[in-house]
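Structural features, examined
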Amino acid sequence: MSRFYVGVDVQPAGLFFAVLQRNRPQTRLVGLRFESLEGVLEASSRKPNIHDARRFVEGLRRGVDSLAGQEERIALSLPDRAGRIYLTDIDAPFKTHDEGVEVLKWRLKANLPAAPTQVQLDYQVFDKHESGRQRCIVAALARPVLEQYEDLVNEAGRHAIQIDFHSLNLYNYYRPRLDLGDEFILVSLEQGMLGIQYVLDHGLCYQRVRNFKLNPERAFREITRTLVEAYESFPSMKRCAVFAHVDPGVGPEIDKLLCSAFDREVKCLDPALKRFGGEGRTGGLQPVGPVVAALGAAERMM
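If you're wondering where the values come from, they're calculated on a predicted model, not measured in any experiment. (Residues numbered from 1 in each chain as written. Predicted model: local features only at pLDDT ≥ 70, side-chain atom pairs only at ≥ 80, totals over all residues. Heavy atoms only, no water.)

**Overview of the overall build of the chain**
Rules: Think of it this way: any DSSP run of H or I at least four residues long counts as a helix, any run of E at least two long counts as a strand, and we number them from the N terminus. It is over C-alpha atoms that the radius of gyration is taken, and the globule rule equals 2.2 Å times the number of residues to the power 0.38. Note on areas: these come from Shrake-Rupley sampling with a 1.4 Å probe, and a residue is covered only by the protein chains present in the view.
Scanning the chain for helices and strands turns up 7 helices and 13 strands. A compact globule built from 302 residues should have a C-alpha radius of gyration of about 19 Å, and the chain, at 19 Å, falls within 12% of that. Reported as C-alpha extents along the three principal axes, the dimensions of the chain are approximately 50 × 50 × 40 Å. As displayed, the chain has an accessible area near 14600 Å², and 47% of this comes from carbon and sulfur atoms.

Following this line, the structure appears as structure tokens:
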């Protein structure tokens, strides 16, 4: 049997687990699970997130044990509010990856979640011009935040092989399996969160994630306010295709709201969990955002 690939999406409500196995020609869904951790975690980019380490460790160990046995490797998907994601342009290429880290820390120092020496930063270059100018997507975590997650994962007998953010793993799940084109907007409407990502030539050009209690009027206002700002920097966003991940139960009128906010057709995406082989134990979980992000995290390890 092939090894298990475990994705864990961390949310204030608890931990969402997705476990996959490579089983050609299909990937097999081993199972999904939710471990409630109400009151244990508060997402913050400036201070450690977990208030009750024992409950977090027990929940993580219990969730992985139940689906993947003694598998030690996991991919951790953190709340977007636990860190920062930046999109920035740099005038000249970096000689080494480490040089890029130092240059970007200096460039972004006024907006980092902590002092540059107390920040773990990584980046990816996704657009280069002949002039040497390049665009980078940058992820930053305050070291106390990152180290707490790493220490507690290790205490649970696991190792976080990959650490990423919820919104990026949601994108990672949909992008490889759907023909979204070279330019599109992905909007996510989840319980308590709205995300808007603009992708051009397979590179993320714009992202905004907001946490708020979702209702149609507030969602409409927030989307239109975000688009006014984004269109100034990226006018072609006005014409590109729009796709949406919408959590089950968000509301029956959401299609009309999205079409009205974007002033064009919006295609709601099907997470298509049925495409996985096997009869995975889903625990009654619906394909809400944290489930999809956990699956996207697990797939990145494959």
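**A closer look at the pattern of salt bridges**
So the rule is basically this: Definition used for salt bridges: Asp or Glu carboxyl oxygen within 4 Å of a side-chain nitrogen of Lys or Arg. Burial classes: relative accessible area under 20% of the type maximum marks a residue as buried, over 50% as exposed, and values in between as partly exposed (1.4 Å probe, protein chains only).
Evaluation of the coordinates by the stated rule reveals 14 salt bridges. Glu35 is paired through a salt bridge with Arg62; the nearest N and O atoms lie 3.0 Å apart. With Glu35 in strand 3 (residues 26-36) and Arg62 in helix 1 (residues 53-68), the pair connects residues that are 27 residues apart, well separated along the chain. When its relative accessible area of 6% is taken as the criterion, Glu35 is described as buried. Taking relative accessible area as the criterion, Arg62 reaches 40% and is therefore assigned partly exposed. For Arg158, the salt bridge is made with Asp65, and the minimal N-O distance between the two is 2.8 Å. Of the two residues, Arg158 is situated in the loop between helix 3 (143-155) and strand 8 (159-165) and Asp65 in helix 1; the sequence distance between them amounts to 93 residues.

**Observations regarding the layout of surface pockets**
Rules: Buriedness for pockets is judged along seven lines, at least five of which must meet protein on both sides within 12 Å for an open set on the 1 Å grid over protein atoms alone, while cavities are sets there where a 1.4 Å probe fits but cannot get out, and lining residues have an atom within 4 Å of a point. Grid points are joined across faces, edges and corners, and a volume is the space filled by probe spheres set on the points. Amino acids are sorted into nonpolar (Ala, Val, Leu, Ile, Met, Phe, Trp, Tyr, Cys and Pro), charged (Asp, Glu, Lys and Arg) and polar (every other residue, Gly among them).
For the largest pocket, the calculated volume is near 860 Å³. In this structure, the largest pocket is lined by 30 residues; those nearest its centre are Gln124, Ala139, Asp164, Leu168 and Arg300. If you list the elements that add at least two residues to the lining of the largest pocket, you get helix 2 (97-108), strand 6 (119-128), strand 7 (134-142), helix 3, strand 8, helix 4 (166-174) and strand 11 (203-211). Top contributing element to the lining of the largest pocket by residue count: strand 6, with 6 residues. Looking at the lining of the largest pocket, its residues break down into 16 nonpolar, 7 polar and 7 charged. Roughly 510 Å³ of internal volume is contained in the second largest pocket. What lines the second largest pocket is a set of 20 residues, and nearest its centre among them are Asp80, Gly83, Arg84, Ile85 and Tyr86. For the lining of the second largest pocket, the secondary structure elements donating two or more residues are strand 5 (84-90) and strand 11. Per-element accounting of the lining of the second largest pocket gives the leading share, 6 residues, to strand 11. Along the lines of polarity and charge, the residues of the lining of the second largest pocket split into 8 nonpolar, 7 polar and 5 charged.

**A short note on the side chain of Ser167**
Basically, it comes down to this: Polar contacts here mean pairs of N or O atoms no more than 3.5 Å apart (in protein, one a potential hydrogen donor and the other a potential acceptor; neighbouring residues in sequence count only if both atoms are side-chain atoms). In this description, contact between two residues means that some pair of their heavy atoms is separated by no more than 4.5 Å.
Along the chain, Ser167 turns up in helix 4. Judged by relative accessible area, which is 6%, Ser167 ranks as buried. A polar side-chain atom of Ser167 sits 2.6 Å from a polar atom in the side chain of Asp80. Setting aside residues no more than four positions away along its own chain, Ser167 makes contact with Asp80, Ile85, Gln197, Gln207 and Val209.

**Topic: helix 4**
Counting buried residues along helix 4, 8 of its 9 residues qualify, which places the element largely inside the surrounding structure. Among all positions in helix 4, only His166, Ser167, Leu168, Asn169, Leu170, Tyr171, Tyr173 and Tyr174 are buried.

**Some points on helix 5 (residues 216-233)**
Side chains three or four residues apart in an α-helix point the same way, a direct result of the helix having 3.6 residues per turn. The cut-off we apply is this: Expected span of a helix, by definition, is 1.5 Å for each gap between consecutive residues, and there is one gap fewer than residues.
Over its 18 residues, helix 5 extends 26 Å from the first C-alpha to the last, a length consistent with the 26 Å expected when each residue adds 1.5 Å. The secondary structure elements touched by the buried residues of helix 5 are strand 9 (183-190), strand 10 (193-200), strand 11 and helix 6 (254-262).

**Some details on the packing of helix 5 against helix 6**
Helix packing for two helices is described by the angle between their axes and how far apart those axes are. Here is the rule we go by: Axis geometry follows a simple rule: fit a line to the C-alpha atoms, using only the stretch in contact for helices, then measure angles between N-to-C directions, giving values from 0 to 180 degrees. Oblique is the label for any angle not covered by the other classes, which are roughly parallel (under 35 degrees), roughly antiparallel (over 145) and roughly perpendicular (65 to 115). For any pair of crossing helices, the crossing counts as left-handed if the nearer helix is rotated counterclockwise from the farther one by less than a right angle, and right-handed if it is rotated clockwise.
Relative to each other, helix 5 and helix 6 sit at 25°, their axes nearing to 9 Å. When the axes of helix 5 and helix 6 are compared, the pair comes out roughly parallel. Between helix 5 and helix 6 lies a crossing whose hand is right-handed. Here Pro216, Ala219, Phe220, Ile223, Thr224 and Leu227 of helix 5 lie close against helix 6, whose contacting residues are Leu257, Leu258, Ser260, Ala261 and Phe262. Looking at side-chain class alone, the contact of helix 5 with helix 6 contains 9 nonpolar, 2 polar and no charged residues.

**Some remarks on the environment of Ala92**
Relative to the helices and strands, Ala92 resides in the loop between strand 5 and helix 2. With 36 residues separating them in the primary sequence, Ala92 and Lys128 have C-alpha atoms 9.6 Å apart. With residues up to four places along the chain from it excluded, the contact list for Ala92 reads Gly132 and Gln134.

**Re the packing of helix 4 against helix 7 (residues 289-300)**
It is the contact of helix 4 with helix 7, at a shortest axis distance of 7 Å, that shows an interaxial angle of 75°. Classified by the angle their axes make, helix 4 and helix 7 are roughly perpendicular. On helix 7, the residues touching His166, Asn169, Leu170, Asn172, Tyr173 and Tyr174 of helix 4 are Gly289, Pro290, Val292, Ala293, Leu295, Gly296, Ala297, Glu299 and Arg300. Here the residues of the contact of helix 4 with helix 7 are counted per class, giving 8 nonpolar, 5 polar and 2 charged.

Don't take any of this as a statement about function, it's just geometry.
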